[in-house]
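Listed below, chain by chain, are the residues.
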Amino acid sequence: MNASSHGASRPNTAAGREGGRAATAVLGLLSFAMLIVSLDQYIVVVALPDIGRELGYSAQTLQSVISAYAVASSGFLLFGGRAADLLGRRRVLATGLALYALSSLAGGLATGPGVQLTARFVQGIGGALVFPGTLALINTLFAEGPARNRALGVWGGSGAAGLVIGVLLGGILTHAFGWEAVFYVNVPLAGAAFVLTFVLIDADQPRDGARLFDLPGVLSAAGTVTLLVFVLVQGPSLGWTSPWIIGAIVLWLPLPVTFVIVERRSRDPLVPVDLVRNKSLLVATATAFMFAATFGSLLYFLSIYFQEVRGYDALETGLAFLLPTAMVVTGSTSAGRIVTRIGLRRTLFAALAIGAVGALALGLAMTSDASYASLVPGLIAMSLGDGIVFTAMFIAAAAGVSGSEQGVASAIASTGSGIGAVIGLAVLVLIANSGVEGATHAQTQVATATGIRTAVFVIAGGIALTLAIVQQLRIAPDRAGPAAKGTAANRI
């Protein structure tokens, strides 16, 4: 990070000695913060039945515990990314962590759906601040090339593993302490990260008054994404003709056009023109969309398969995710080294191919009477591909982006991921449930397994389709980082 990165932190002591203890400590903190945000997306999945029974959710509203988080986190990512660039990355990271701790406490103390859904929405806003903040700090503290690739490997390992660990930890906590524990666990975690943020990360520079915070752009972007995600998530449960859905669509229709007009007229737009023209960022965003729609959705269907088809309880479901967790961590942490050795496009292509084969193997194995052992080959391949792609796509998103725009670049890619997760899951749930409706109780187990298998086959096809997207990735040699020039890291 350099002094010209307006509104960001001053050069951290880690930046000058990336192999030292200071760099390790900062990277550890940012990866820990990323883990907190990531695991919270799925930590409540296993606890949903208990939450529904005790707080009085209906079958139609229970899914809102997940969707409230998804709506807020997706809608406010661009806001969080731009705020990190302009207002200071340490400030925004600390604010996000504070929101996380407080909203998690409120979620655990909730005695009804209203308070809990509000808490989950605030958690989503906290995640929208933390996610781009951590990524922007790494991308400005570590030089583009091998050093950044290694750092993103650690960060990506935490993020990708968090999605799976969330299911594992949720099962263990729900079994041992009740559903409240899946909320309370965030309080000490986010609290500790909040304190360490002020200990390890240097204070932010004074804000550059010449740069404007594009509030109209922020509001129109947040409204566009939030309402879109709300419609896609709630449409199937509320009904597409529901007044809530129709009203949201009516409100949404003018917002995308409004956002484009605002950005064209803004002196300091929310999304700078050079980022719109950055092909690496566009490809990374499209890849992130497909990643979340496919790999991300697969975690949901695995959880449903283990509980509703195989009859696992919360603890057994969590333990069933131990193997995927280990493989995701392995893939994510090794991704940076693989990118440096063989190049970014080749890494993504190989990982997607492995993931597609793994998803196909899982689809073939996930019958109503399958053993866990029969799932192992598919779980290993799918999880390795998952971990590598997660890290590599964010390496691509950061390529060639100036330090002063790393926050919003990170937010653009992660917004693509958030929207992909919502659209992918909405479509796949419809596919999976198409054969379940009308089935008798005796037929439900087989029908559920068949529907999940069909969805997993579609996921395999979606991963294969992503191969065509990453083939468009081109990164100029001078963007591989000074340490990488003339080495294998330049190869695409």
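What you are looking at is a predicted structure, and each value in this text was computed from that prediction instead of being measured. Here the residue index of a chain counts from 1 through its sequence in written order. Residues qualify for local features only when their pLDDT is at least 70, as the model is predicted, and side-chain atom pairs are given and counted only at 80 or more; totals for whole chains, interfaces and linings, by contrast, use all residues. Water and hydrogen atoms were dropped before computing side-chain values, which therefore reflect all heavy atoms in the structure.

1. Looking at the pattern of salt bridges
One speaks of a salt bridge when a side-chain nitrogen belonging to Lys or Arg is within 4 Å of a carboxyl oxygen belonging to Asp or Glu. All told, the structure shown has 1 salt bridge when counted by the stated rule. Residue Arg 53 is joined to Asp 50 by a salt bridge in which the shortest nitrogen-to-oxygen separation is 2.2 Å. Residue Arg 53 and its partner Asp 50 are both found in helix 3 (residues 48–55); the two are separated by 3 residues, about one turn of the helix. On the accessibility criterion, Arg 53 (62% relative accessible area) is exposed. Secondary structure follows DSSP: runs of H or I at least 4 residues long count as helices, runs of E at least 2 residues long count as strands, and numbering of each begins at the N terminus. When a residue's accessible area, from a 1.4 Å probe over protein chains only, is under 20% of the maximum for its type it is buried; when over 50% it is exposed; and in between it is partly exposed.

2. As for helix 7 (residues 113–141)
A helix is expected to span 1.5 Å for every residue after the first. With 29 residues, helix 7 should cover 42 Å at 1.5 Å per step; its first-to-last C-alpha distance of 42 Å lies within 8% of that length. In terms of burial, helix 7 is a largely internal element, 22 of the 29 residues being buried.

3. Examining the packing of aromatic side chains
Working definition: a ring pair exists when centres of Phe, Tyr or Trp rings (six-membered ring for Trp) sit within 6.5 Å. Plane angles under 30 degrees give stacked, over 60 give edge-to-face, the rest tilted. All told, the structure shown has 17 aromatic pairs when counted by the stated rule. The interplanar angle of 75° and the centroid separation of 6.4 Å between the aromatic rings of Tyr 69 and Tyr 100 together place this pair among those described as edge-to-face. Of the two residues, Tyr 69 is situated in helix 4 (residues 64–75) and Tyr 100 in helix 6 (residues 89–109); the sequence distance between them amounts to 31 residues. Summarising the burial analysis for this pair, Tyr 69 and Tyr 100 share the class buried. Plain terms: the ring middles of Phe 306 and Tyr 312 are 5.4 Å apart, the flat faces sit at 5° to each other, and that makes the pair stacked. Joined through ring pairs, the aromatic side chains of Phe 131, Trp 155, Phe 291, Phe 295, Phe 390 and Phe 394 make up one cluster.

4. Looking at the side chain of Ser 104
Among the secondary structure elements, Ser 104 is positioned in helix 6. Throughout, a contact is declared for two residues whenever any of their heavy atoms are within 4.5 Å. In contact with Ser 104, other than residues within four places in its own chain, are Gln 123, Phe 183, Tyr 184, Asn 186 and Val 187.

5. With respect to the packing of helix 7 against helix 8 (residues 146–177)
Between helix 7 and helix 8, the least distance of the axes is 10 Å, while the angle of their chain directions is 155°. In this view, helix 7 runs roughly antiparallel relative to helix 8, as classed from their interaxial angle. As helix 7 runs across helix 8, the sense of the crossing is right-handed. Note on element contacts: helix 8 touches helix 7 through Arg 148, Ala 151, Leu 152 and Trp 155, opposite Phe 131, Thr 134, Leu 135, Ile 138 and Asn 139. Only Asp, Glu, Lys and Arg are considered charged, only Ala, Val, Leu, Ile, Met, Phe, Trp, Tyr, Cys and Pro nonpolar, and every remaining residue, Gly among them, polar. Residues of the contact of helix 7 with helix 8, tallied by class, amount to 6 nonpolar, 2 polar and 1 charged. The axes are straight lines fitted to the C-alpha atoms, using for helices just the contacting stretch, and the angles between their N-to-C directions are given from 0 to 180°. Comment on the angle field: the value is read as roughly parallel under 35 degrees, roughly antiparallel over 145, roughly perpendicular from 65 to 115, and oblique elsewhere. Rotating anticlockwise by less than a right angle from the far helix to the near helix defines a left-handed crossing, while the corresponding clockwise rotation defines a right-handed one.

6. Description of the confidence of the model for the protein chain
Taken residue by residue, the protein chain gives an average pLDDT of 82. The fraction at 70 or more is 88%. For the protein chain, per-element mean pLDDT is lowest for helix 1 (residues 13–16), which scores 40, and highest for helix 18 (residues 344–365), which scores 95. Along the chain, pLDDT gives the predictor's confidence residue by residue, from 0 to 100. Contacts of residues 1–19 to residues separated by more than four positions or lying in other chains number 65 contacts, the stretch itself having pLDDT below 50. Here residues 476–492 is a poorly scored stretch, pLDDT under 50, and it has 37 contacts once near neighbours within four places are set aside; other chains count.

7. So, a nonpolar patch on the surface
Note on patches: the residues involved have over 30% relative accessible area and no salt bridge, like charges join within 9 Å, and the nonpolar side chains Val, Leu, Ile, Met, Phe, Trp and Tyr join within 5 Å. For the accessible areas, the method is Shrake-Rupley and the probe is 1.4 Å, while residue cover comes only from the protein chains on display. Among the surface-exposed residues, Leu 105, Leu 109 and Tyr 184 lie close enough to one another that they form a single nonpolar patch of about 260 Å² accessible area. Tracing the backbone through its elements, the reader meets Tyr 184 in helix 9 (residues 181–184).

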